[in-house]
Each structure stands twice: as C-alpha cells, then as structure tokens.
Amino acid sequence: MDFFDYKNGELWCEGVKASAIAEAVGTPAYVYSRATIEHHYRQLGSAFAWAKPTICYSVKALSNLAVVKLLASMGAGFDVVSGGEIHRVLAAGGEVSKIVFAGVGKTDAEMELAAKAGIDLFTVESEPELDALEAVARELRKTLRVALRVNPGVDPKTHVYVSTGKRESKFGVDLERAGKILSRRASWPHLDFAGIHAHIGSQIVSVGPFVDALTLLAKFIADEEKAGLKLSVFDMGGGFGIFYKLREAPSAEEHAAAIRPILEPLVRSGRRILMEPGRFIAGQAGILLSRVTFVKDSGDKRFVIVDAAMNDLLRPALYHAEHQVWPVKASGRPELADESQLACADIVGPVCESGDFLARERPFPEVRRGDLIAVFAAGAYGMTMSSNYNSRPRAPEVLVEGNSFRVVRRRETFEDLTRLETT
Ligand code: LLP
C-alpha cells in the first residue's frame with residue numbers, strides 16, 4: 001500500500017504530480033510520501049495493539065530529519081546504531097528516553113554519548129562490549145539498562161548480506177553463551193540486565209523465521225526466569241519485508257497473527273515489547289525520480305541510461321535487489337502492463353562500473369531522451385546508503401504532504417563535494 005498512483009497518464013505522489021517535483025528540483029531526486037509513512041506506522045501499531053509495543057523506528061532505513069520528526073510526533077521511539085544517528089534523533093526532537101542503541105562495535109565515545117543523553121536501552125552483543133559499557137557506567141556513576149542480543153540460530157531466508165540470525169553471523173551471541181553471560185551478570189554491577197534483544201535479518205518475506213526465532217527465545221526467557229532472572233523487556237528487532245518487484249511480503253496483520261500465540265504470554269506476564277521496523281515503515285514511502293539521458297542499442301541489448309546511478313541507489317548493485325522501475329508518463333503501474341508487448345532493457349546509470357544498474361533485463365516501454373522514470377520502493381536504504389562515488393553530488397530529498405511538497409534536504413553542490421578537503 002502506498003500513495004503513488006498513476007492518474008490521467010502520469011505518476012502522482014499523493015496530490016502532487018511527480019513531473020512537477022522533477023521540474024522544481026531537478027533529477028535525480030528522492031520523493032517521499034508522508035501519508036505512506038504514517039499509514040505503515042499506524043498499520044503496525046494497530047496489528048500489534050495487543051502487545052502495546054514501543055515501535056522504535058530503525059533510523060538507518062531513512063534518516064532524514066523531517067521523517068524522524070514526523071515519526072517522533074506520532075509517538076515513535078528509535079533504533080539507532082551510531083553516535084550520528086543519536087545526533088539525528090535529538091536534532092529532530094525525538095524522545096531520548098525512547099532510543100535503543102544496537103550494534104556490534106559501539107565505541108567508548110558512542111557509549112558515553114548515549115549514556116549521558118539518557119537513552120532507554122543498550123542492546124549488547126558480547127562480553128567485551130559489556131566490560132566497556134560497565135566502565136562507562138562506573139565512570140558516569142550511572143546504572144545503564146541493557147538487553148542482551150541473542151542470536152537464535154534461525155535462517156531468515158533472505159539475502160545473505162542482510163541475514164543476521166544465523167549461527168555464523170557476527171551479530172549477538174548464541175543461546176548457550178547468552179545463558180552463561182546472564183548467569184555472570186553480577187560481574188557488571190553498573191548494568192541492569194533488563195531483557196533480551198533479537199533481530200534475525202531484514203526483508204523477511206514469510207512469517208516462519210519469526211515464529212521459529214520467537215519460539216526459541218520465549219523458551220530461553222522462560223528458562224532464565226525459572227532460574228530467578230526477571231527479564232522485563234523483549235526487543236524483537238525489525239525485518240518485516242515489503243513488496244519490491246515481487247509482491248510477496250505478508251501484511252502486518254499476518255505477521256501479528258502468526259506471532260501472537262508466542263508473544264502474547266510474554267505480554268500478559270507484564271513484559272515491555274519493543275520492535276524496530278525500518279523498511280516496513282519507510283520502504284514503500286519513497287521513489288527515486290530520474291531522467292533518461294540516452295537510449296542506446298548495442299549487441300543484442302537496449303540500455304536506458306538515466307541520470308540516477310549506483311551512488312544514489314546501491315541496492316540493485318549490492319544485493320541484486322529488484323526494484324520496480326517505470327516511466328512517469330504511463331497509463332498505470334508496471335504490475336498492470338502486458339509484458340509480452342514490451343522489449344527488454346537494462347536501466348543503467350552513468351557510473352563507470354558494470355555493476356551500475358537500477359534494473360536488468362526488464363520489459364520496459366519505449367522511452368526517449370528527457371523522459372522521466374521512477375524507481376519504486378526506494379524509501380528505505382536508498383538515500384541512507386548513497387555516496388559521492390564518481391564525485392556525484394547527492395540527490396535532494398523531497399517530502400510530499402497532501403497537495404504540497406517541500407525540499408527536506410537540498411541537492412549537494414560541487415562546492416559541497418570538496419568543502420572538507422584541502423590541497
Ligand atoms: N534492528 C536492527 C538491530 C537492525 O540491524 C536492523 C537492520 C533493523 C532493526 C531494521 O531492519 P528492517 O525492519 O529495516 O528490515 N541495507 C539493507 C538492509 C540492512 C538492514 C540492517 N539492519 C537493504 O538495503 O536491504
């Protein structure tokens with residue numbers, strides 16, 4: 001579900017024509033729909049209402065201040081993974097007491113920043129990290145709340161780069177080691193072992209891996225409690241998948257229904273539930289607008305060369321992610337097209353790498369130099385993974401709100417590219 005629709009032969013975002021935005025800010029440009037962000041945040045809230053979760057939006061997905069501010073105003077908490085993300089949440093007016101801080105390699109400086117700011121929870125992934133955090137807490141004369149990140153050893157059946165719950169992954173500690181750490185918790189007297197955290201992967205498009213992981217974790221929590229430890233926080237991480245080219249992800253209701261039998265007993269016995277969705281909230285809320293530079297035929301292939309590239313949207317190159325790509329002037333969304341009538345093309349950028357493609361071997365309508373195209377579901381891990389590779393200034397970000405839009409990050413200039421450098 002999103003608020004990008006074709007009407008009268010062209011693409012609209014809410015009440016604004018995509019072409020009007022391209023006219024105003026140029027291309028490439030990220031365009032976000034406020035209504036789509038709100039819709040997905042509320043959808044999770046209502047599907048999981050029985051768990052009364054704190055929804056800690058995963059800032060890494062789309063970290064623009066305007067989006068963080070919007071979600072803060074709706075009551076969201078935030079999952080962060082760096083000092084920079086803490087800075088963003090605070091700059092956008094997010095509540096510090098709703099921040100959870102994850103990551104395998106927090107530095108002392110980041111731990112200190114988070115502890116001083118007064119965040120809700122550190123999710124901790126190893127004994128050396130506990131030692132370092134204990135030192136920070138002792139120094140500040142504070143008790144810091146932690147949740148041990150447990151790796152349940154479940155295959156999330158997603159791309160290997162975004163699988164985190166398998167036994168061999170760098171994230172968390174296995175169940176056996178987690179038990180040993182908890183039994184030694186008195187060694188870290190300034191840390192309050194409040195709960196358990198798990199995040200098994202991202203873009204998970206079936207309920208099975210969540211059910212399997214939660215079943216193992218619920219048993220782990222029950223065993224720990226039998227041994228006398230009260231674990232009052234359960235942070236179930238993020239990972240809910242969305243529709244890309246394949247329309248295959250479960251809805252929030254389907255996830256909630258599958259998880260409920262396992263999670264509800266934890267809720268009933270008074271536990272606080274946190275979740276950390278990123279992609280589910282931001283993914284379908286964004287498109288990347290781009291303009292065709294050339295259409296080129298070579299060998300047996302057609303290349304549609306556009307002005308967006310792998311530096312703007314890395315996901316196709318890095319994960320072979322299949323985003324839907326379609327002209328802005330068209331009668332309807334690509335799902336409705338009769339593919340048998342279309343010739344295949346590669347949609348590529350100008351960057352000097354063969355890995356620089358937005359889509360490959362796609363049935364694609366005839367387009368010409370100057371036509372606009374849209375890359376869909378680019379809201380999450382789009383702008384946040386962009387770079388200046390090939391010295392390309394980063395694209396602007398535009399937020400559409402009903403019938404109006406505003407630039408929430410301006411396009412970088414050539415001066416921005418060299419501002420931090422000296423000769
Ligand atoms: N919590 C933790 C601890 C995480 O590591 C992540 C994502 C999330 C929550 C949010 O996951 P989500 O709900 O968005 O799936 N760049 C990749 C995705 C990397 C995800 C990293 N961790 C991509 O473009 O697919």
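Look up: the structure comes first, before these words.
Description of the structure in this document.

This part takes up the pattern of salt bridges. The tally for this structure, following the rule as stated, stands at 30 salt bridges. A salt bridge links K98 to E95; its shortest N-O distance comes to 3.8 Å. What makes E95 partly exposed here is its relative accessible area of 44%. Residues K219 and D223 are paired through a salt bridge, measuring 2.9 Å at the closest nitrogen-oxygen approach. You can see K219 and its partner D223 sitting in helix α8 (residues 208-226), four residues apart, about one turn around the helix. Connected via shared salt-bridge partners are R34, E38, E401 and R406.

Right, let's talk about the layout of surface pockets for a bit. Empty space within the largest pocket amounts to approximately 1,100 Å³. Lining the largest pocket are 48 residues, with V162, S202, R279, Y319 and Y381 positioned closest to its centre. Across the lining of the largest pocket, the residue classes break down as 17 nonpolar, 16 polar and 15 charged. The volume enclosed by the second largest pocket comes to roughly 250 Å³. Around the second largest pocket, the lining residues are L62, S63, N64, L65, R88, M383, T384, S386, R394, E397, V408 and R409. Grouping the constituent residues of the lining of the second largest pocket by class yields four nonpolar, four polar and four charged.

This next bit is on the pairing of strand β18 (residues 357-364). Judged by how many residues are buried, β18 sits mostly within the fold: six of eight residues are covered. As paired elements, strand β17 (residues 343-348) and β18 share five bridges and run antiparallel to each other. Pairing of A343 across the sheet is with F364, part of β18.

Right, let's get into empty space enclosed by the protein. One pass over the structure, following the stated rule, counts one cavity of 30 Å³ or more. In this structure, the largest cavity encloses a volume near 70 Å³. Every residue lining the largest cavity is listed: A198, H199, I200, F210, A213, L214, L217, F234, M236 and G238. When residues in the lining of the largest cavity are grouped by element, the largest group, four residues, is from α8. Its residues assigned to classes, the lining of the largest cavity shows eight nonpolar, two polar and no charged.

Here we come to unusual backbone geometry. The residue after T27, namely P28, is reached through a cis peptide bond having omega -10 degrees. Note that P28 resides in the loop between α1 (18-25) and β4 (29-33). Non-glycine residue K52 carries a positive phi angle of around 40 degrees. Within the secondary structure, K52 sits in the loop between α2 (34-47) and β5 (54-58). Residue class for K52 comes out exposed when judged on its relative accessible area of 68%. The residue R141 is not glycine, and still its phi comes out positive at about 55 degrees. Following the sequence through the fold, R141 ends up in the loop between α6 (127-140) and β9 (144-151). R141 gets classed as exposed once you look at its relative accessible area, which sits at 75%.

This part is about the nonpolar core. Across soluble globular proteins, nonpolar side chains have a tendency to be buried as a group. Ranked by size, the top nonpolar core spans 121 residues in total, and within it F48, Y57, F78, F122, I196, F234 and M236 carry the most contacts. Leaving out residues up to four positions away in the same chain, F122 has contacts with F101, M111, A114, A115, L133, L144, R145, V146 and A147. C56, V100, V233 and L274 belong to the second largest nonpolar core, which has seven residues in total.

Scoring rules and cut-offs
Residue positions within a chain follow its written sequence, with the count starting from 1. The predicted origin of the model limits local features to residues at a pLDDT of at least 70 and limits the giving and counting of side-chain atom pairs to 80 or more, whereas totals for whole chains, interfaces and linings rest on all residues. Values reported for side chains reflect all heavy atoms of the structure, with hydrogen atoms and water molecules removed beforehand. The term salt bridge refers to a side-chain nitrogen of Lys or Arg lying within 4 Å of a carboxyl oxygen of Asp or Glu. Buried means the residue's accessible area, taken with a 1.4 Å probe over protein chains only, is under 20% of the maximum for its type, while exposed means over 50%, and partly exposed covers the values in between. Runs of E in the DSSP output that reach at least two residues are strands. Runs of H or I that reach at least four are helices, and both are numbered from the N terminus. Cavities and pockets are found on a 1 Å grid laid over the protein atoms alone: a cavity is a set of points where a 1.4 Å probe fits but cannot escape, a pocket is an open set with protein on both sides within 12 Å along at least five of seven lines, and a lining residue has an atom within 4 Å of such a point. Grid points are joined across faces, edges and corners, and a volume is the space filled by probe spheres set on the points. Under the scheme applied, nonpolar residues are Ala, Val, Leu, Ile, Met, Phe, Trp, Tyr, Cys and Pro; charged residues are Asp, Glu, Lys and Arg; polar residues are all the others, including Gly. When DSSP finds two or more bridges between two strands, those strands count as paired. Throughout, nonpolar core names a set of buried Ala, Val, Leu, Ile, Met, Phe, Trp, Tyr and Cys residues whose side chains join them through atoms within 4.5 Å. Residue contacts are counted whenever heavy atoms from the two residues lie within 4.5 Å of one another.

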